[in-house]
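Survey of secondary and tertiary structure
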Amino acid sequence: MMAPPHIVWFKRDLRLQDHAPLWNAAAEGAPVIPLYIVEPGYWAQPFASQRHWAFIHDCLSDLNHGLHRLGQPLVIRVGEACEVVKSLHQELGVSTLWAHEETADLWTYERDKKMRRMCRERGIAVCEYPSNGVVRRLDSRDNWSAIRNRRMAESLIAKPEQLTAAPKVQSAPLPAKDHPMFGPPLPGLAQKGGRRAAIEELRSFLEERSANYLRHISAPGPSEHSCSRLSAHLAWGTLSAREVVQALKRRKDQLSPLDKPRFGRNLSAFGARLAWRCHFIQKLEDQPSLETSCMHPAFEGLRESEHSETRFEAWKTGQTGVPFIDACMRSLIHRGWITFRMRAMLVSFASYQLWLDWRKTAPYLAGLFTDYEPGIHYSQFQMQSGVTGINAIRVYNPVKQGLDQDPDGRFTATWVPELRALRGPQIHTPWQLASTLFEPLQTQQGSPYPAPIVHLENAARQAKERIAAVRKSAAFGSAQTAVYQKHGSRKRRSKAKQAPDQKDQLDLF
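The structure reproduced in this document is the subject of the present report. (Residues numbered from 1 in each chain as written. Predicted model: local features only at pLDDT ≥ 70, side-chain atom pairs only at ≥ 80, totals over all residues. Heavy atoms only, no water.)

**Here's the deal with the pairing of strand β5 (residues 125-129)**
Where strand β4 (residues 96-100) meets β5, five bridges bridge the pair, whose relative direction is parallel. Among the inter-strand pairings, Thr96 is bridged to a residue of β5, identified as Ala125. Of the crossover connections in this fold, the one passing from β4 over helix α5 (residues 106-122) to the parallel β5 is right-handed. (Pairing = 2+ DSSP bridges. Helix = DSSP H or I, 4+ residues; strand = E, 2+ residues; numbered from the N terminus. Right-handed = clockwise from strand over helix to strand, strands pointing away.)

Listed below in structure tokens is the structure:
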């Protein structure tokens, strides 16, 4: 008599290699049902978008191809996750559910708790394995780095040689990329997903593109080539963090004396950012409420009542009247990716100069980012909005950023064609031109470009003053200590150096 089948539930781990749940389920010798659940409730959330699904669709196609070769194709089901597993249990007598521990948004956090309760009630064993460098039930931040580094050094887990097929299990068709369940289409081209694309991105970065990583890391044009572009693959799990860390180490060990000056420092910087990636996801693991609540409670209520939908709409659509801000937003809308410094600038501008509530702006950008990683997303949104209580206040000057990162104005002119007639530094401050010169330039493209919706210097100054007032309050210090104990970096540093949490540590993305 055949043993009851086991489910391997794929979520943000869409690969066969270095996949502990799949390997261990296969080792049991029982039939394996590799399951992906398309959850309409998830896709109705404000952070989910068709851009994500387009990438996931590619990943699932590659995953299914690999599973076919192992003897058991991917099983697709559409519905509420607990009901899907319950149905498979009733149909086939499923005995065990295997999965990775997922650190994602509050919706999936509550979904997973419900799944564990349902499995307990029905006698289905649940076997979960750590994902990346995130430590569930971490007792102290003091221990985290050592645990993470130990995990990254462990041997990679091979994919199974074969799977025992589960008889009579039916799969639904994979929903199309443009299915209305996943929301309206976004313009532009989505990044290619899937294991094959991930391996090629990793190879080309380590062997070629990383030579200019630090040189181009902040510039919104060149960074598209010189940054790794692995963030989406890490977010949706076509690569494990351990695979990337170990591939990076092999590449560094193989560098010739001629290659070390070109690649050594760049690859080391990339490795540091891989560690910071896990560091930020750990924050959400330790405190899932970071999606909706300020890390430091003193900042609650600071912006909500003054949130302006008019300013929000201008920011969302790249119509703020600040050319470099609008160019970055329009590029992101079409490309699904922009380098981290520009992401930080967009969030800083929304939170400080426009005084928008980060709980409104965060879901919008989540849907634009192909590489939406909740742990990084909400931790960074809070950090760039000044509500963590343990990070330096970073109010970006968008004019200075434009002059520094796009001095010839080429990137800005590409995405703000209304100003294409302007040259060089002028394009970043069109409001400084005399009206007799500027007004004709506005109308040459047939669509006038707006004046800035706020006075940049005054808005920045007022925002700093309001944040500073909160930080000076009597109860601020005691809560700040508690926040640091829970979330602060333990990286050793001299007193003369700025705390790592206060820097741009995730320029990888």
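**Some thoughts on the packing of aromatic side chains**
To describe a pair of aromatic rings, one takes the distance between the centres and the angle between the planes. Inspection of every chain in the model, using the stated rule, returns 18 aromatic pairs. Between Phe299 and Phe476, the aromatic rings sit 5.8 Å apart at their centres with planes inclined by 85°, giving edge-to-face as the arrangement. Of the two residues, Phe299 sits in the loop between α12 (260-286) and α13 (309-317) while Phe476 sits in helix α22 (residues 476-487), which places them 177 residues apart along the sequence. Exposure class is identical for Phe299 and Phe476. Each is buried. Cluster of aromatic residues (ring-pair linked, three or more members): Tyr42, Trp43, Phe47, Trp53, Trp107, Phe182, Tyr372 and Tyr378. (Phe/Tyr/Trp six-rings, centres within 6.5 Å; stacked < 30°, edge-to-face > 60°. Buried < 20%, exposed > 50% of the residue type's maximum accessible area, 1.4 Å probe, protein only.)

**Digging into the nonpolar core**
In this structure, Tyr36, Trp43, Trp315 and Leu365 are the most contacted members of the largest nonpolar core, which totals 85 residues. For this core, the element with the most residues is helix α15 (residues 340-353), which contributes nine residues. For Trp315, the contacting residues outside a window of four places in its chain are Thr320, Met329, Leu346, Phe349, Ala350, Leu354, Leu356, Thr361, Tyr364 and Leu365. Counting residues in hydrophobic clusters, the runner-up holds 24 residues, among them Phe205, Leu206, Val245 and Phe270. (Core = buried A, V, L, I, M, F, W, Y, C linked by side-chain atoms within 4.5 Å. Contact = heavy atoms within 4.5 Å.)

**Quick word on the side chain of Gln246**
Positionally, Gln246 belongs in helix α11 (residues 241-254). Sequence-distant contacts of Gln246, defined by excluding residues within four places in its chain, comprise Met152, Ala153, Glu154 and Leu156.

**Considerations on helix α3 (residues 50-70)**
Across its 21 residues, α3 extends 30 Å between first and last C-alpha, which sits within 8% of the 30 Å expected from 1.5 Å per residue. Most of α3 is tucked away: 16 of the 21 residues are buried. Phi turns positive one or two residues past the end of α3, at Gly71, with a value near 105°. (Expected span 1.5 Å × (residues − 1).)

**Regarding the environment of Ile76**
As for its position among the elements, Ile76 is in strand β3 (residues 75-78). Separated by 46 residues in the primary sequence, Ile76 and Ala30 have C-alpha atoms spaced 20 Å apart. What Ile76 contacts, discounting residues up to four positions off in sequence, is Tyr36, Val38, Ser171, Ala172, Pro173, Leu174 and Pro175.

**Examining the environment of Val38**
In this fold, Val38 is placed in strand β2 (residues 32-38). By relative accessible area, which is 0% here, Val38 ends up buried. Spatially, the C-alpha atoms of Val38 and Leu174 are 8.7 Å apart, while their sequence positions differ by 136 residues. In this structure Val38 touches Trp43, Trp53, Ile76, Arg77, Val78, Gly79, Pro175, Met181 and Phe182, once residues within four positions along its chain are discounted.

**Side note on the sheet that holds β4**
Strand order in this open sheet of five strands is β3-β2-β1-β4-β5, and the pairing throughout is parallel. Taken across any chain shown, the strands that pair with only one partner, and hence form the sheet edges, are β3 and β5. This sheet shows a mean twist of 30° between the axes of neighbouring strands, independent of strand direction. With five bridges connecting them, strand β1 (residues 6-10) and β2 associate as parallel partners. Bridge pairing links His6 to Val32 in β2. (Axes fitted to C-alpha atoms, helices over the stretch in contact; angles between N-to-C directions.)

**Topic: unusual backbone geometry**
Here Arg137, not a glycine, exhibits a phi torsion of approximately 55°, which is positive. Tracing the chain through its elements places Arg137 in the loop between β5 and α6 (144-153). In the Ramachandran plot, Arg229 falls in the positive-phi region, its phi being about 60° despite a non-glycine side chain. Note that Arg229 resides in the loop between α9 (223-226) and α10 (231-236). For Arg229, a relative accessible area of 12% puts it in the buried group.

**Notes on α13**
Within α13, burial applies to Phe312, Ala314, Trp315 and Lys316. In this structure, the buried side of α13 is in contact with α14 (323-335), α15 and α16 (358-368). Of the residues trailing α13, Gly318 is marked for its positive phi of about 70°.

**Let's talk about the pattern of salt bridges**
In total, this model carries 33 salt bridges according to the counting rule given. Residues Lys192 and Asp58 are paired through a salt bridge, measuring 3.7 Å at the closest nitrogen-oxygen approach. Highlighted residues: Lys192 in the loop between α6 and α7 (195-207) and Asp58 in helix α3, separated in sequence by 134 residues. By relative accessible area, which is 9% here, Asp58 ends up buried. Salt bridges linked by common partners bring Lys11, Glu39, Glu102, Arg111 and Asp112 together as one network. (Salt bridge = Lys/Arg side-chain N within 4 Å of Asp/Glu carboxyl O.)

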